[in-house]
Amino acid sequence: MSDSNLEIIVGEGTCGRASGSTEVLGLFRKNAPDANIHSVGCVGMCHAEVMVEVRDNEGKSFMYGNVDKKVVTKILKFHRGEDELPEDNLLTSSDNPETEGGQYLSRQTRVALRNVGMMDPTSIEQYQARGGYKAIEKIIKGGMTPEDVIEEVKIAGIRGRGGAGFPTATKWTFARGAEGDKKYLICNGDEGDPGAFMDRSLLEGDPHNIVEGMLIAAYAIGASGGYAYIRAEYPLAVTNFDLAIEAATEAGLLGDNILGSDFCFDLKIKQGAGAFVCGEETALIASIEGERGMPRIRPPFPAIKGLFGKPTIINNVETLSNLPWIIDNGGAAYQAIGTEDSRGTKVFALAGAIKRGGLVEVPMGMSLREMIYDIGGGSVTDKPLKAVQLGGPSGGCIPESLFDTPIEYASINATGAIMGSGGIIVMDEKSCMVDLAKFFLDFTQIESCGKCTFCRIGTLRMKEILTKICDGEGTMEDIDTLEELAEGIKQASLCGLGQTAPNPVLTTLKYFREEYEAHVKEQRCPAAVCKGLITHTIINEDCNGCSICERYCPVDCITGEKKKGETWVIDQEVCINCGMCVEVCNPDAILVA
Amino acid sequence: MSNQSLEATVDPELVNKWIDEIGSGVPAAVPLLQAIQGEYGYLPRDAMDMVIANSDINASQLFGVATFYAQFRMKPVGRHLVKVCHGTACHVTGADRLNTSLRHILDITDEEEDTSANGSYTVEDVACVGCCSIAPALVIGDEIIGNLTGADAQRVLKKHARGVKEELLGDEAAKKKKEKEAAKATASGEESRA
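Residues numbered from 1 in each chain as written. Chains lettered and ligands numbered in written order. Predicted model: local features only at pLDDT ≥ 70, side-chain atom pairs only at ≥ 80, totals over all residues.

Draft legend 1. The overall build of chain A, seen in detail. Summing up its helical and strand segments, chain A has 24 helices and 18 strands in all. Against the 2.2 N^0.38 benchmark of 25 Å for 593 residues, chain A shows a C-alpha radius of gyration of 26 Å, consistent with a compact globule. Projected onto the principal axes, the alpha-carbon positions of chain A cover approximately 85 × 70 × 40 Å. Within chain A, buried positions represent 54% of all 593 residues. Considering only contacts within chain A whose residues lie at least 6 apart along the sequence, 72% involve residues at least 24 apart. (Helix = DSSP H or I, 4+ residues; strand = E, 2+ residues; numbered from the N terminus. Rg over C-alpha atoms; globule rule 2.2 N^0.38 Å. Buried ≥ 20, exposed ≤ 12 C-beta atoms within 10 Å, placed from the backbone. Contact = placed C-beta atoms within 7 Å.)

Dropping the structure here:
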């Protein structure tokens, strides 16, 4: 049977591949060789990977989720008219857009992500077919001066999406005015925040958009040299971006005399080597120069004296991804989205205890509640949600009671958290806030470059105190000391890493002080997470004596007689509270308290 | 426990080729180290010494950079590397259990050690790999696998080990087949001559 009337599109971002998209793609190619099959970047519904979209020649489209070998057969049978629609796997379709999957997409405003998941990221032709490289053409052939470009971006009102939120046009003006025969533009793709993957998806799913954004920025500031600093942990992003540079160079869009003008821009990839602090501008510059990635004292600011001593602008991946759209549609169109304080859209990476996790782009001003419940579907376990963590190690926790806070810089800052780069971890009552604060301090302590004493030693002291509290050995004075240290570190650190490192502790203390006090006063971890404060015991009446826990216990502390439920015991002296037994126990016969 | 057998033998020509291609100045330090680790899985002391001797990067600069970035590893690595993600989402969904479970099945008991005694696998903690929606996740070879429990992690490891074994046996089998065919060809050649 011919399937030549079908177009089959498989999502192949890192999440998709991790869920088996390559196998699914292969199965379609084998079983429907006549169909027009291709792969695209991640559309953002990571909770439903592997995702497949099928379009027929009647203009109908069907989007399926959680596709595996069996579902591939079902999908093909349906579209060949041999079987019913596989409804369990249908996320949305042109016939019925009001499904949950349809809502996930329709509630979003996709500017930065406009092409991600819609086209083959390795094809410059597809990018151009969707209006790509029209913006740089408009600038060069339409006779826009660099000042015109800066003005347009100023009207748009976009602020840097890397976390700090500095107005992009203002930053450019500094470098535009700086003297120098050579200037650099750097794309900051060192997305080191644990819990954030917006830049990965943008680089993987629409690399030409970032290249074009860099061209626009370089033109505006007068840069002839460019670097894309991308984490080595993102191999697919590096590969796709490399292909994009190659194709753009071949098309005369990179290199000398771009589109026949005297604008020249040479772009290279520099792979990061795993240092969170390199997200900081001066540390990133030091890293490209081949040094340890340690921040430098500002001024001079990079816009005046940056990479190799030349004026340099560093823009975040997401900021750059908005630029072609702004030039195409005009700054006013972008300004119309969002709020007075925060213009445009923001991409978020939703993860944690959420039903529909993934990548979402929403207009600024939407409330956290709307994003978490209406788009994300709320709690995955149906247990009530407790908090969200925004902004990673530099950010903070916002409790459920403040979920009506609008997503904009000023309102988020007022809670004590920060907008950050867009990672959102949703937590239910199974997450311990003290443990989370310890996790982040552990992270910043390791990632501190060591230049400033308060950051180097202060974060270590804070981590030690948090560990003490988690082990049930903390005192009430320890909590005061934490607050005192936090203030000191904020004031006496040179760069953003140290200045924001105490935020996770300060916000959890502000909103979840009772959890700290339960650890200290009652030696109790309310979420039953902290290993020093919990015990695992077998509930005899529920145990069926299957012995699976014995097999998985890493310290051999579970003993009993097979098939005799009542005989099984955990030796508390040996147990390390790792939780393996809970995970494998079928009748849920292990009590954690 | 000693992992002497895992020490790599460094090819000086290769190191010099990288210096030629990537550069010999300080800005080349990170990419040079990435090339070395890409080949050997860690930074063998011999390779570092060759870079110091044959480039403009001095010992303090090179070691300074090597010890600063989390990606670089100074001690030998097992034949296969399992990277357990410890981003925020993975942490709150139980990444610790993946470590416990993998170390248990590989019988790595010494807290300072991350490689199994026979040198087959190394279990390493890494920062966020950016697959937070399928947390907790691990990376084995080039493959990212997500939504894992501790027990799943053991299954993933076993599956990987089976794959490696089959590949090795496959190579063996292919070699034997080739030898057989070659022998046959010689035999038939001799026959026709006869």
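Continuing now.
Draft legend 2. Looking closely at the nonpolar core. By size, the foremost hydrophobic cluster in this structure holds 226 residues, and its most contacted members are A:V52, A:I216, B:A137 and B:L138. Ranked by residues supplied to this core, first place goes to helix α10 (residues 207–221) of chain A with ten residues. The contacts of A:V52, once residues within four sequence positions are left out, are A:I8, A:I9, A:V10, A:V24, A:Y64, A:V67 and A:I75. With 13 residues, the next largest nonpolar core counts A:C549, A:C578, A:A589 and A:I590 among its residues. (Core = buried A, V, L, I, M, F, W, Y, C linked by C-beta atoms within 7 Å.)

Draft legend 3. The arrangement of the environment of B:Y42 in detail. All names here are of chain B. Take Y42: it is sitting in the loop between α2 (29–40) and α3 (45–54). According to the C-beta neighbour criterion, Y42 is buried, with 20 such atoms within 10 Å. Placed 35 residues apart in sequence, Y42 and V77 show a C-alpha to C-alpha distance of 6.4 Å. Each residue touching Y42, except ones within four places of it in the same chain, is listed here: Q37, R73, M74, K75, P76 and V77.

Draft legend 4. Fine view of the environment of A:W568. Here A:W568 shows up in the loop between β16 (558–559) and β17 (569–570). Residue contacts for A:W568: discarding those within four places in its chain leaves A:I538, A:C543, A:G545, A:I558 and A:G560.

Draft legend 5. Focus on the interface of chain A and chain B. Counting residues at the interface gives 44 residues for chain A and 38 residues for chain B. Elements supplying a minimum of two residues to the side of chain A that touches chain B: α1 (14–18), α12 (281–288), β10 (345–352), β14 (423–428) and α24 (580–584) of chain A. In the side of chain A that touches chain B, the residues fall into 20 nonpolar, 17 polar and seven charged. (Nonpolar A, V, L, I, M, F, W, Y, C, P; charged D, E, K, R; others polar.)

Draft legend 6. Up close: the domain arrangement of chain B. Taken domain by domain, chain B comprises domain 1 (4–68) and domain 2 (80–159). One C-alpha centre belongs to domain 1 of chain B, the other to domain 2 of chain B, and the line joining them spans 28 Å. (Domains from an automatic or database assignment.)

Draft legend 7. Region of the structure containing the domain arrangement of chain A. Residues and elements named next belong to chain A. One can read the domain layout of chain A as domain 1 (7–104), domain 2 (124–334), domain 3 (345–428), domain 4 (433–521) and domain 5 (535–592). Computed over C-alpha atoms only, the centres of domain 3 and domain 4 are separated by 22 Å. Contacts between the two partners involve ten residues from domain 3, matched on the other side by 15 residues from domain 4. Per-element tally for the side of domain 3 that touches domain 4: the top contributor is strand β13 (residues 396–399), with three residues. Looking at the side of domain 3 that touches domain 4 residue by residue, the class counts come to five nonpolar, five polar and no charged.

Draft legend 8. Structural view of the packing of α2(B) against helix α4 (residues 59–68) of chain B. Residue and element names in this part refer to chain B. For the pair α2 and α4, the least separation of the axes is 10 Å and the interaxial angle reads 65°. Here α4 runs roughly perpendicular to α2, going by the angle between their axes. The crossing of α2 and α4 is right-handed. Note on element contacts: α4 touches α2 through Q61, L62, V65 and A66, opposite A29, V30 and L33. (Axes fitted to C-alpha atoms, helices over the stretch in contact; angles between N-to-C directions. Parallel < 35°, antiparallel > 145°, perpendicular 65-115°, else oblique. Left-handed = near helix turned anticlockwise from the far one by under 90°.)

Draft legend 9. Seen up close, the sheet that holds β13(A). Residue and element names in this part refer to chain A. Read across the sheet, five strands follow the order β11-β10-β14-β12-β13 without closing on themselves; strand pairing throughout is mixed. Sheet topology places β11 (358–363) and β13 at the edges, where each strand pairs with a single neighbour. Looking at each pair of strands side by side, their axes are set apart by 30° on average, direction ignored. In this structure, strand β12 (residues 385–390) lies alongside β14, joined through five bridges in antiparallel fashion. By the bridge assignment, L385 is partnered in β14 with D428. Sheet strands touched by helix α15 (residues 368–375): β10, β11, β12, β13 and β14. Its angle to β11, the strand with the most contacts, is close to 135°. (Pairing = 2+ DSSP bridges.)

Draft legend 10. Expanded view of the environment of B:A28. Mapped onto the secondary structure, B:A28 falls in the loop between α1 (12–22) and α2. Sequence-distant contacts of B:A28, that is, excluding residues within four places in its chain, are made with A:G290, B:I22 and B:G23.

Draft legend 11. Representation of helix α9 (residues 198–205) of chain A within the structure. Of all eight residues in α9(A), eight are buried, a share of seventy percent or more. When we look at burial in α9(A), the residues that qualify are A:M198, A:D199, A:R200, A:S201, A:L202, A:L203, A:E204 and A:G205.

Draft legend 12. Region of interest: unusual backbone geometry. Looking along the chain, the bond that leaves A:R298 and enters A:P299 is cis, with omega of -5°. Residue position: A:P299 is located in the loop between α12 and β9 (312–316). Residue B:P136 is reached from B:A135 by a cis peptide bond, and omega for that bond is -5°. Here B:P136 is to be found in the loop between β2 (121–126) and β3 (138–140). Residue A:N66 is not a glycine yet carries a positive backbone phi of 50°. With respect to the secondary-structure elements, A:N66 resides in the loop between β4 (61–64) and α3 (69–79). Look at A:N257: it is not a glycine, yet its phi comes out positive at around 45°. Counting through the fold element by element, A:N257 comes out in the loop between α11 (235–250) and β8 (266–272).

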